[in-house]
Amino acid sequence: MKTIKEKIVKNSGQVITYLLLYILFLYFFNTQVLAEFYKWTDKNGNVRYSNVAPPSNSKYEEIEEKKSSQEPDNTQSKKEELRNSEVFKNLVLSLQKMNAKTSVGVMFDDYFVFLGEVKYLANNFFQSSYASISYTITSDVKNIIELYELAGDIWNKNRTNIGKDHKNKNIQLDSEDGRNLKTKCPSLETYYSDGTWYINIDSSVSYLFSEANKKIAGLVAY
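Note that the structure is predicted; figures quoted are calculated from it, not measured.

Colleague: An account of the sheet that holds strand 6 (residues 196-200) is requested, with residue identities and associated values reported.
Modeller: What the three strands build is an open sheet, ordered 4-6-5; its pairing is antiparallel. Each edge of the open sheet is held by one strand with a lone partner, namely strand 4 (170-172) and strand 5 (191-193). The mean inter-strand angle of the sheet, taken between neighbouring strand axes irrespective of direction, is 45 degrees. Two strands pair when backbone bridges link them, and strand 4 and strand 6 are joined in this way by three bridges, in the antiparallel orientation. Looking across to strand 6, one finds that Ile171 is bridged to Ile199. Set on the sheet, helix 6 (residues 176-184) makes contact with strand 4 and strand 6; between it and strand 4 the angle comes to about 95 degrees. Of the strands in this sheet, strand 4 and strand 6 are in contact with helix 7 (residues 201-220), which crosses strand 6 at around 50 degrees.

Shown next as structure tokens:
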């Protein structure tokens, strides 16, 4: 059987071997990541580059080339590709028109015609390969559509009651529409009257238009 001293000597030898291998690995790794090149002008006046040192009588410049272990970043080129795509430009143009119409005032029937055009172009964008380039842009487009749809839904359900009396121009907060609206738009103002919390229909539709239009501005600036 081996003595304790012999085992210690053997283990020490293994540690030294592993340490040397590790040092060699770091050496070769660093020479690959950080390569050294030389630049000089030969006797004929030609500028030369090489990883081999030039003749001793030549004046040269050492150049360190740092090689990246990662793939080149093509994020910017992808964004440019998205911006220049017809499907995205058509969608943004349609949303800008929607923004303009809802900002100055739009008739009820016309609103759903414009919304149908926006949804059609948005669907074309979602089905294209460009939708996968930017999660933020795709998410914002979906959110804009949801805001416009919610505004249209509230407008549609309550348009016959608008103008009849004070209460019918509002949505009860504890109703299905009220809860849905408050969940999607937590900052929407509510008010208390006769023991019930309400959301004003006109202000809620205007608020939804405003939130959608803010996101459209972000798409235009993309």
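Colleague: Tell me about the pattern of salt bridges, and name the residues and values.
Modeller: The full count for this structure, using the stated rule, is six salt bridges. The partner of Lys89 in a salt bridge is Glu86, and the shortest N-O contact between them spans 3.4 Å. Of this pair, Lys89 and Glu86 both sit in helix 3 (residues 86-104), three residues apart, which is roughly one turn of that helix. A residue is classified by how much of its surface remains accessible, and Lys89, at 39% relative accessible area, is partly exposed.

Rules used in this analysis
- Residues numbered from 1 in each chain as written.
- Predicted model: local features only at pLDDT ≥ 70, side-chain atom pairs only at ≥ 80, totals over all residues.
- Heavy atoms only, no water.
- Pairing = 2+ DSSP bridges.
- Helix = DSSP H or I, 4+ residues; strand = E, 2+ residues; numbered from the N terminus.
- Axes fitted to C-alpha atoms, helices over the stretch in contact; angles between N-to-C directions.
- Contact = heavy atoms within 4.5 Å.
- Salt bridge = Lys/Arg side-chain N within 4 Å of Asp/Glu carboxyl O.
- Buried < 20%, exposed > 50% of the residue type's maximum accessible area, 1.4 Å probe, protein only.

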